[in-house]
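# Tertiary structure, described
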Amino acid sequence: MNRYLKIQDIEDSKNKTIHFTFENKIDGIDCVTPIKAELTAKSLGEFIEIKGHISGTVNLECDLCLDKFKYKLDFDIDELFSKKSLIDEDSQNGEKEYEIKDGQFVTDLNGAEEIDIYDLLYQSVILNFPNKKVCGINCKGKEYLSQDDNYDPRLDVFKNLQINPKE
């Protein structure tokens, strides 16, 4: 798959819809398996909608014990891109009114003629990582981090730190 999806290709396609797949590792993400995406791009007039499903397995670092663990990705995406700038240059403040429905976000393409699918997938995967990355319900992270052999001598500089309150 090409990294970029040309808007004109969508406009010229049957029903103004293109189906495409992605199956590859993504730079900057520790992928165990390739990231798989089944996506559909559709022209909605002034907007391009990209919907689909993403799956794969990545390595994450546990927030408690700092060990790596495998995390399965399995989620849907629904992204909306504005072909024209969302800012109307004719308005006095340079702002155009645009109603955004609950939970909807629109990416302004600022006149670009293509969409970076690779970047879209990277951002979608990163945003779907859990807020608290824990390797398992029985993680012993607190015990591991409280052991005396985890002493870091670089922190000795703070032992004699004195804070004098302002009067």
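Report follows, based on the coordinates. (Residues numbered from 1 in each chain as written. Predicted model: local features only at pLDDT ≥ 70, side-chain atom pairs only at ≥ 80, totals over all residues. Heavy atoms only, no water.)

## Describing the pairing of strand β3 (residues 35-43)
Side-chain alternation along β3 places I35, A37, L39, A41 and S43 on a buried face and K36, E38, T40 and K42 on a face that remains uncovered. In this sheet, β3 lies alongside strand β2 (residues 17-24) in antiparallel orientation, the contact comprising 8 bridges. By the bridge assignment, H19 is partnered in β3 with T40. The antiparallel pairing of β3 with strand β4 (residues 47-61) creates a hairpin that spans 3 residues between the two strands, and G45 there sits at a positive phi of about 85°. (Buried < 20%, exposed > 50% of the residue type's maximum accessible area, 1.4 Å probe, protein only. Helix = DSSP H or I, 4+ residues; strand = E, 2+ residues; numbered from the N terminus. Pairing = 2+ DSSP bridges.)

## Thoughts on the nonpolar core
With 33 residues, the main nonpolar core has I35, I50, I117 and V125 as its most contacted residues. Elements with a contribution of two residues or more to this core: α1 (7-12), β2, β3, β4, β5 (68-82) and α2 (117-127). (Core = buried A, V, L, I, M, F, W, Y, C linked by side-chain atoms within 4.5 Å.)

## Some remarks on the packing of aromatic side chains
Under the definition given, this model contains 1 aromatic pair. Plain terms: the ring middles of F22 and Y118 are 6.2 Å apart, the flat faces sit at 70° to each other, and that makes the pair edge-to-face. Placement of the pair is F22 in strand β2 and Y118 in helix α2, with a sequence separation of 96 residues. Across this residue pair, the class does not change: F22 and Y118 are buried. (Phe/Tyr/Trp six-rings, centres within 6.5 Å; stacked < 30°, edge-to-face > 60°.)

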